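Examination of the molecular architecture
Read off the chains here:
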Amino acid sequence: MAGLRALGVLSRITVRHRYTLFSARTHVNYEVKGDVAVVRINDPTSKVNTLSVHMQKEMAEVLGEVWSNDAVKSAVLISSKPGCFIAGADINMIQACKSAEEVTYISQEGQKMFEKIEKSPKPIVAAINGSCLGGGLEFAIACQYRVATKSKKTVLGTPEVLLGLLPAAGGTQRLPKMVGLPSAFDMTLTGRNIRADKAKKMGLVHQLVDTLGPGLKGPEERTMEYLEEVAIECARGIVNKKIPLTKEKGMMQKVQDYVMSFPFVRNQIYNTVQKKVMKQTKGLYPAPLNIIDCVKSGVEQGSDAGYLAESQNFGKLAMTTESKALIGLYHGQVACKKNRFGVPEKEVKTLAILGAGLMGAGIAQVTVDKGIHTIMKDTTLEGLNRGHQQVYKGLNDKTKKKSITSFERDTTLSNLTGQLDYSGFQNADMVIEAVFEDIAIKHKVIKEVEAVIPPHCIFASNTSALPIKDIAAASKRPEKVIGMHYFSPVDKMQLLEIITTDKTSKDTTASAVAVGLKQGKIIIVVGDGPGFYTTRCLAPMLAEAVRVLQEGVDPKKLDSLTTGFGFPVGAATLADEVGIDVAAHVAEDLGKAFGPRLGGGNPELLKTMVEKGFKGRKTGKGCYVYQPGLKSKEVNMELNDILESFKLTPNPAVSSDSDVQYRLVSRFVNEAVMCLQEGILANPVEGDIGAVFGLGFPPCLGGPFRFVDTFGADKLVEKMRRFEDVYGNQFTPCPLLLDHAKDPSKKFHK
Amino acid sequence: MATMLLKSFRSNLVNFRAYQFALITTCLVLLTAKSKKTLAKPGVKNVVLVEGVRTPFLQSGTTYADLMPHDLARAALQGLLHRTGFPKEAVDYIVYGTVIQEVKTSNVAREAALGAGFSDRTPAHTVTMACISSNQAMTTAVGLIAAGQCDAVVAGGVEFMSDVPIRHSRKMRKTMLSLNKAKTLGARLSLLGSIRLAHLSPELPAVAEFSTAETMGHSADRLAAAFGVSRQEQDEFALRSHTLAKKAQDEGLLSDIVGFKVPGKDIVSKDNGIRPSTMEQMAKLKPAFVKPHGTVTAANSSYLTDGASAVLIMSEEKALAMGYKPKAYLRDFVYVSQDPKDQLLLGPTYATPKVLERSGLTLADIDVFEFHEAFAGQILANLKAMESDWFAQNCMGRKAKVGAPPLDKFNMWGGSLSLGHPFAATGCRLVTTVAHRLKKEGGQYGLVAACAAGGQGHAMVIEAYPQ
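As the structure is a prediction and not an experimental result, all values here were calculated from the model. (Residues numbered from 1 in each chain as written. Chains lettered and ligands numbered in written order. Predicted model: local features only at pLDDT ≥ 70, side-chain atom pairs only at ≥ 80, totals over all residues. Heavy atoms only, no water.)

1. With respect to the UniProt feature "domain: 3-hydroxyacyl-CoA dehydrogenase C-terminal" (unreviewed entry) in chain A
All names here are of chain A. Sites flagged by UniProt as "domain: 3-hydroxyacyl-CoA dehydrogenase C-terminal" (unreviewed entry) map to residues 531-626 and 663-742. Secondary structure content for residues 531-626 is 62% helix and 2% strand, while the C-alpha to C-alpha distance between its ends is 29 Å. Regarding residues 663-742, the helix share stands at 74% and the strand share at 0%, and the terminal C-alpha atoms are separated by 21 Å. (UniProt positions renumbered as here; feature names shortened; annotations may be inferred. Helix = DSSP H or I, 4+ residues; strand = E, 2+ residues; numbered from the N terminus.)

Right under this line is the structure:
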């Protein structure tokens, strides 16, 4: 017995020895355990594994050796990184390609490799812990068997569509066979992450493995070992025929298969999906349509046609401006998830929020579940109750969706204190105020707060337009004052705009960014000024929208023009969501700061609406009428009378649908460029991220700066000049934009 | 683990003769060289265990099936009185543990005491702390005596798994409660009409953590995996437990049992869950919780059991004054708690070093170990954890491991795996067994340790009463 074991150890040593001597592989390695080859993936240069050219080359080598080794009967594929199986294909590899053909070639190479794996004579078990996405998932589903851990980090999905691409290594072909047409469409078209338990139900993985706590080693390390042990058992079981690879189909599955065998039914599905995609994307995103096309080719004309469609469509998509824009956003998003101000001196452990309104409670919602003790203070019991209910509901909804347990909800809520006074503020590390947008009230609270907080405590204002330096004027310690502009609804909107004044200390900024990152936000840090960056860009666009309404375009038409351009929410609906009163307030404030350049429609129109109580969704009436329980909304007919009294005659030269769209967008873009020019923005990347994630600038355009790069600054300036002739300086292109128009080689993004 | 120990044991046997003399002398030295001669503390009352009894532990759904929990508790209490001949009116207080509560006898301590013929002037209360409920009852008694409040306290615990409260669904309960308040016939009819089929599905009590919704067996399986405890090791340990229990039963060592006449049935005088099997038979079982690759099976877990236990705890001076010869001193005890998810059943690992420290002993001072065996995998995981410096340093914040108890001193008369585990009755069984084993084996110090749901644990040091 002992002798045998010693032999085993010896052979293992020699095996390792041989491979490290003859081929210095860095990304993929393997070890033979008995008759099972354990193939380990580990990109030493990165936190995640990606299917790079290098990785693929080594994988092909290793698999070749596994197949040719007679002592090996099966293989287990596992990552050495606890949080990541394979996070996808290497985006840089695709971005480096100059032509569609090159990209198609990459796809075909991937297809070939995975086909070999699918037809492997020795069963391969994918042991998944952590993210298994894109190319990683395609790799896994090409294997004969999949075991996944129940870790929260384990997610499976095909997020290619979010980058304007498609799963191009057989994903569009294998998924429909594996999980059925409807689920395959759902996965590939939404790109959403699927948790392990759901994946098991869908048939995407065969077996689940529990995560382990600490034992004789750390939990993560031991969980990985355990996963490997179970996967090895599975591999042996498959070889011994103890584990069948074809699962007996349930009754429901049989019925579904039968129904799906009719071409008529399948066509119905294609049509429904196509319609839904068109409705949601307005035809602005080519990837989803291409995905439907690939799936259809594979199912209807066989896999050869399917694979061909997949690789060719992939090549085409990679060259589209939409994909480039989306990939740009992806990189930007990654960049905005880092703290470029370093580690703050003191971690924020207690955060106090002033005001339990929609914003205040929203901030509490995203804070309290991150283990930060959160104090929510309001002035009235009713306000506090409403805010508390909002936080509870947010958590309870997660419980209903089973992403957290009711127990986790309760322990999370124990981190929240609701109160009417300043007790406990002496322990606060940061205070965020979300009180009414009135400089006098802000000054009052900053004085009250500074009387009770400790010296290191940071005071942040969640204002959307008031300059931070004006607020800081009332502070004894302006270096501790900063702006943290959240977007409503806070738990859904990913952006946080942090505003620093010239007095704000670097540590204060670092701390604010750290809190924002903890809250899961994408962060842009901008300079101080009226409206900062986001509000300042939105204001001229909304002013223009008011003018468009005055010129007789009804709200529904205005909405369809903006959504038709790619905005997820139409301008009229957006105004209702933001609140007409807020819009009026901002318009007035910014109007004072920037003069008529920021004007457009008559600001009195908004004021009249507010006077009549049409403040938007919150009052049930704005541009539209909102009825509780009803999803569809009707145009507010009473608005017509107001519009009638403010009526303007449109100038037919600049009033075509397309002109209206560009009038709205060009003012937005021009203001954004001006922010960069004035140094409000640190770089175009943050400008793009802020516009897309905070204001819903069309993601397919990649943000205002990328839009200028792709559309052409000269063409944009040309359009603006035409509008300028009619409306004056509101359309005057800013000097930086003119620079870019003069020299086409100048780009915001390299 | 077990195999390794067996192996080293065997190799020792080979050289046994050669080292016989040396071994015997070291043994003698070890026996006498305790860190402390006694654990008596100046100014602190000596608390003693006078007697401990239990009903036979039966698999639930067998002979006790038609009883109620307090019936079993009565039997244990009467047995205690009978065996000690203790005057009822001299009992100052009664503390009893239970886990799954019978709604009709929510203070089961009081109902059982009255039914067992104790004085109606003796107050009684019920405690609950999952599998260490009767430990809690005993330490409550110790506290009452040490504080000078009482001189003689009866403690114990009962668990009756043959009948558990199964409730109507919440919806149904709500409807029924509203029905009580409905004044008119119309209102009642409309309420009755609102009952849907879904209302009728009952709510079963689950042996699952409320905080994590994970069943204990599932957690035990994960724990075993975390410590790399194999299926074979677990089966071996379970077999050991059954074999040792059978031996103890056959040799008449389980003298804490008092016979119980079940109305309409025979007198029960033996535990009925002790069933030594073979490794082959046990290997055939499928995992019970983690499927298909789990290692915890029905054969290597403790089973659902009915049973009750009781002990008489007194101040030493009172016991002596009344002419009783105590069995043992109850010394230092601790309660610990830790993460209810990943360390649910590691109570003994946390409690053992703590209680040893408190009493100034080392593991080598302990002659008798009685640990509660919830699952073989749980016990083996605890032994590995206690033997691991990594675990001590990274999870417990200690400098070094406490060390695992030697198996030849460990649960030598069987354990919960074989004798059965009526949740709230097990604690008293452990303590009484330690007292009996100390006497039988001539040891001085014994250690009781147990895990409990909620991620809690307990340990107590027991000192033999001078012969």
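2. Considering helix α30 (residues 713-727) of chain A
Residue and element names in this part refer to chain A. Along its 15 residues, α30 runs 20 Å from first to last C-alpha, staying within 8% of the 21 Å computed at 1.5 Å per residue. Buried within α30 we find Ala713, Leu716, Val717, Lys719, Met720, Phe723, Glu724 and Tyr727. The buried residues of α30 occupy an angular sector of 160 degrees when the element is viewed end-on, so they sit on one face. Exposed side chains of α30 directed beyond 90 degrees from the buried face belong to Glu718 and Asp725. On the buried face of α30, the contacting elements are α21 (534-550), α27 (657-678), α29 (704-711) and α31 (735-742). (Expected span 1.5 Å × (residues − 1). Buried < 20%, exposed > 50% of the residue type's maximum accessible area, 1.4 Å probe, protein only. Arc of directions from axis to C-beta. Contact = heavy atoms within 4.5 Å.)

3. Brief notes about the sheet that holds strand β12 (residues 373-377) of chain A
Residues and elements named next belong to chain A. Taken in spatial order, the 8 strands of this open sheet run β13-β12-β11-β14-β15-β16-β17-β18, and their pairing is mixed. Two strands lie at the open edges of the sheet, namely β13 (416-419) and β18 (522-527), each paired on one side alone. On average, each strand axis in the sheet is inclined to that of its neighbour by 25 degrees, with strand direction left out of account. Here β12 pairs with β13 via 4 bridges, running parallel. Across the sheet, residue Ile375 finds its bridge partner in β13, namely Thr417. Sheet contacts for helix α15 (residues 358-368): β11 (350-354), β12, β13, β14 (430-433) and β16 (481-486); angle to β12, the most-contacted strand, approximately 170 degrees. (Pairing = 2+ DSSP bridges. Axes fitted to C-alpha atoms, helices over the stretch in contact; angles between N-to-C directions.)

4. Observations concerning the packing of α21 of chain A against helix α22 (residues 555-565) of chain A
Residue and element names in this part refer to chain A. For the pair α21 and α22, the least separation of the axes is 10 Å and the interaxial angle reads 135 degrees. For the element pair α21 / α22, the angle class is oblique. As α21 runs across α22, the sense of the crossing is right-handed. Where α21 approaches α22, its residues Met541, Ala545, Val548 and Leu549 are matched on the opposing element by Pro555, Leu558 and Thr562. The residue inventory of the contact of α21 with α22, partitioned by class, reads 6 nonpolar, 1 polar and no charged. (Parallel < 35°, antiparallel > 145°, perpendicular 65-115°, else oblique. Left-handed = near helix turned anticlockwise from the far one by under 90°. Nonpolar A, V, L, I, M, F, W, Y, C, P; charged D, E, K, R; others polar.)

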